[in-house]
Amino acid sequence: MKNGNDKTMMDRREFLKRLGAGTAAVSTAALAIGCGPRNKGDNPVQGEPPAGKMTYRTNPTTGDRVSLLGFGMMRLPSVGGRSAREGVEEIDQEMVNSMVDYALEHGVNYFDTSPAYCQGKSERATGIALKRHPRDKYFIATKLSNFAKSTWSREASIEMYRNSFKELQVDYIDYMLLHGIGMGGMKEFEQRYIDNGMLDFLLEERKAGRIRNLGFSYHGDVEVFDTMLARHDLYKWDFVQIQLNYLDWKYAKQINPRNTDAEYLYGELAKRGIPAVIMEPLLGGRLSNVPDNIVKMFKEREPEKSVASWAFRFAGTFPDILTVLSGMTRMEHLQDNLHTYCPLDPLDEEELALLQQAAAMMMEFDTIPCNDCKYCMPCPYGLDIPAILLHYNKCINEGNIPASRQDPNYRKARRAFLVGYDRSVPKLRQAAHCIGCNQCSPHCPQGIFIPKEMQRIDEYVEKLKQEIL
Ligand code: SF4
Ligand code: SF4
């Protein structure tokens, strides 16, 4: 592994041993931190990150020297300043260009897109931004995102594949992924990639050099993951993209029985020497909006660092990780992440244990495991499902879910919940309009039974409005 930092050089066994130290090594000082004054000022670290200090990892197959920070192109900025993920507004190409230029200048060289991101517009915007730079200065990752049944045929899948080259303006793809393996179980995997011969097709494309590395991104069904790895001798996966963060490390399955703990996923890949690309290091933003007592715990240890930086350091500390993807919409997100990885300061034993303690504390909060992926959208009845769930989670994290009118915080919390709800979710898109059709839940990789949550939140809102808690 090419890295000048001794702490990063620790081998896999040593790393897992440190992590296995678990909560035992948490300092009593950290454990003693309870509810204190709320810290609302968790601003990302801004300002110029150091130049020439990026931490790189080496791909054992191709020797690619890949930046530990990978640019996820799924939340590109829109002209209105928000993320263009939902495709409501046009992508702000000038801002994308500036962020890509800045990322390259600071050593980022891995850009991850998909035909499905930003309502199908991410690949084109990525291609335009990167085309302005020499092709050997960056690696492009994209995916065969043939989710819709209409794209399962061989012809439609090949058309989608070829279109990626056109949109990205390239004649080879550095990292090509089968997208979202496991979401629909074994049967859907067979239909999307085996029955139509698409996996054989992609293997041939790799042989021809139009794909330099072939892998898959994994969500959900562990049977599919295990099957894919059992066939590693046949397919020779060059990399695998998994969801990894300090909450999912030991609790993914507990949060959602359909998910698999990241500890298992990473361990299985590391055993076989397959590099891992990490998605959801922040769990859809949940790990940058953690409960106040955890914010306080982090700030006492590292006052200048953002809450999000802890999650990025956690992901980056693993030695067999090639790159950690971050979907960045604003320049300050990019700068904050660059500060974390230029260079990486790997977590020590005590810090790893502190994060395991933070995860255990988070599990005590009854949040809904929505990571804002938006796969459940659009709702045919116009609900903004993730916005409703995220508002609810935010209020839990901030202590604004009063359990009864006897709660000393009742008036303030009630107001914060109701006013915040109207601000975050337009009235016509709120939970009250759910008719329980359940067209959404089958698409949720987190296994959330959405109509039940909509009903629960709506009943709670009504009680608050009528003050009958
Ligand atoms: S169950 Fe509710 S939220 Fe889900 S699609 Fe139907 S109306 Fe929309
Ligand atoms: S409810 Fe599920 S599918 Fe919808 S945004 Fe949240 S995690 Fe994603």
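As a reminder, the structure under discussion sits directly above these lines.
Residues numbered from 1 in each chain as written. Chains lettered and ligands numbered in written order. Predicted model: local features only at pLDDT ≥ 70, side-chain atom pairs only at ≥ 80, totals over all residues. Heavy atoms only, no water.

J.: Help me understand the layout of surface pockets in this model?
T.: Any empty space left between the atoms is revealed when a probe the size of a water molecule rolls over them. Taken as a whole, the second largest pocket spans an internal volume of roughly 250 Å³. For the second largest pocket, the lining is made up of 17 residues, of which Ile255, Asp366, Thr367, Ile368 and Pro369 are closest to its centre. Counting only elements with at least two residues in the lining of the second largest pocket, the list comes to α10 (248-255) and α18 (450-466). Its residues placed into classes, the lining of the second largest pocket shows 8 nonpolar, 5 polar and 4 charged. Residue assignment places the lining of the second largest pocket across two domains, with domain 1 (4-362) and domain 2 (385-466) each supplying three or more. (1 Å grid on protein atoms, 1.4 Å probe; cavity = no way out; pocket = protein on both sides within 12 Å on 5 of 7 lines; lining within 4 Å. Points joined across faces, edges and corners; volume = space filled by probe spheres on them. Helix = DSSP H or I, 4+ residues; strand = E, 2+ residues; numbered from the N terminus. Nonpolar A, V, L, I, M, F, W, Y, C, P; charged D, E, K, R; others polar. Domains from an automatic or database assignment.)

J.: Teacher, can you tell me more about the packing of aromatic side chains here?
T.: Pairs of aromatic rings are described using the distance from one ring centre to the other and the angle between the two planes. Following the criterion strictly, the structure yields 23 aromatic pairs and no others. Between tyrosine 246 and phenylalanine 314 the ring centres are 6.2 Å apart and the planes differ by 75 degrees, which places this aromatic pair in the edge-to-face class. Linking tyrosine 246 in the loop between β8 (239-243) and α10 with phenylalanine 314 in helix α13 (residues 307-317), this pair joins segments that are 68 residues apart in sequence. Each of the two residues, tyrosine 246 as well as phenylalanine 314, counts as buried. An angle of 40 degrees between the planes, with centres 6.1 Å apart, marks the rings of phenylalanine 417 and tyrosine 421 as tilted. Pair noted here: phenylalanine 417 and tyrosine 421 are both in helix α17 (residues 410-424), with a separation of 4 residues, about one helical turn. (Phe/Tyr/Trp six-rings, centres within 6.5 Å; stacked < 30°, edge-to-face > 60°. Buried < 20%, exposed > 50% of the residue type's maximum accessible area, 1.4 Å probe, protein only.)

J.: Mind showing me how you'd approach empty space enclosed by the protein here?
T.: Counted under the stated rule, the structure contains 4 cavities of 30 Å³ or more. Counted as a void, the largest cavity has a volume near 120 Å³. Along the walls of the largest cavity sit Tyr218, His219, Gly220, Gln243, Asp248, Ala252, Asn259, Thr260, Leu265, Pro445 and Gln446, which together make up its complete lining. Split into classes, the residues belonging to the lining of the largest cavity amount to 4 nonpolar, 6 polar and 1 charged.

J.: Can you help me understand the pattern of salt bridges in this one?
T.: Close approach of charged atoms allows side chains of opposite charge to pair. Across all of its chains, the model carries 26 salt bridges by this definition. Ionic pairing is found between glutamate 90 and lysine 121, a salt bridge with its closest N-O pair at 3.3 Å. Separated by 31 residues along the polypeptide, glutamate 90 in the loop between β3 (69-72) and α3 (93-105) and lysine 121 in the loop between β4 (110-112) and α4 (122-131) bring together distant segments of the chain. Among the ionic pairs, arginine 135 bridges to aspartate 174, the shortest N-O distance being 3.0 Å. On the criterion of sequence distance, the pair formed by arginine 135 in the loop between α4 and β5 (139-144) and aspartate 174 in strand β6 (residues 173-181) is long-range, its members being 39 residues apart. The exposure classification of arginine 135 matches that of aspartate 174, with both residues buried. Several salt bridges share partner residues, and in doing so they unite Asp64, Arg135, Asp174 and Arg212 into one network. (Salt bridge = Lys/Arg side-chain N within 4 Å of Asp/Glu carboxyl O.)

J.: In this structure, what is going on with the site of ligand 1? I would like to understand it.
T.: Taken together, Cys379, Pro380, Tyr381, Leu383, Ile385, Cys434, Ile435, Gly436, Cys437, Asn438, Cys440 and Pro451 are the residues near ligand 1. Because more than half of its atoms lie within 2 Å of the grid, ligand 1 is assigned to the second largest cavity. Here the shell around ligand 1 is composed, by residue class, of 10 nonpolar, 2 polar and no charged. (Near = heavy atom within 4 Å. Sits in = over half its atoms within 2 Å of the grid points.)

J.: Just checking my understanding: could you explain the site of ligand 2 for this structure?
T.: In the vicinity of ligand 2 there are 14 residues, among which Cys370, Cys373, Lys374, Cys376 and Cys444 approach most closely. Looking at the shell around ligand 2 residue by residue, the classes come out as 10 nonpolar, 2 polar and 2 charged.

J.: Teacher, can you tell me more about the pairing of β5 here?
T.: Judged by how many residues are buried, β5 sits mostly within the fold: 6 of 6 residues are covered. One ladder, built from 3 bridges, connects β4 with β5; its direction is parallel. Paired with tyrosine 110 across the strands is phenylalanine 139, a residue of β5. After leaving β4, the chain enters α4 and then returns to the sheet as β5, a path that is right-handed. Alignment of β5 against β6, held across 4 bridges, turns out to be parallel. Paired with leucine 144 across the two strands is leucine 178, which belongs to β6. As a crossover connection, the stretch from β5 through helix α5 (residues 154-168) into β6 is right-handed. (Pairing = 2+ DSSP bridges. Right-handed = clockwise from strand over helix to strand, strands pointing away.)

J.: Help me out: how do you make sense of the nonpolar core in this one?
T.: Grouped burial of nonpolar side chains is what soluble globular proteins tend to show. In terms of nonpolar packing, the biggest core is built from 99 residues, with Phe111, Leu178, Phe216, Ile242, Leu244, Tyr246 and Phe298 touching the most fellow members. When neighbours within four sequence positions are excluded, tyrosine 246 is seen to be in contact with Leu287, Val290, Phe298, Ala311, Phe314, Leu355, Gln356, Ala358, Ala359 and Met362. (Core = buried A, V, L, I, M, F, W, Y, C linked by side-chain atoms within 4.5 Å. Contact = heavy atoms within 4.5 Å.)

J.: Looking at this structure, I do not really get the environment of arginine 456. What am I missing?
T.: Relative to the helices and strands, arginine 456 is located in helix α18. The exposure class of arginine 456 is partly exposed, given its relative accessible area of 31%. Once the C-alpha coordinates of arginine 456 and alanine 432 are considered, the two residues, 24 residues apart in sequence, prove to be 10.0 Å apart. Look past the residues within four positions of arginine 456 in its chain and what remains in contact with it is Asp366, Ile368 and Tyr392.

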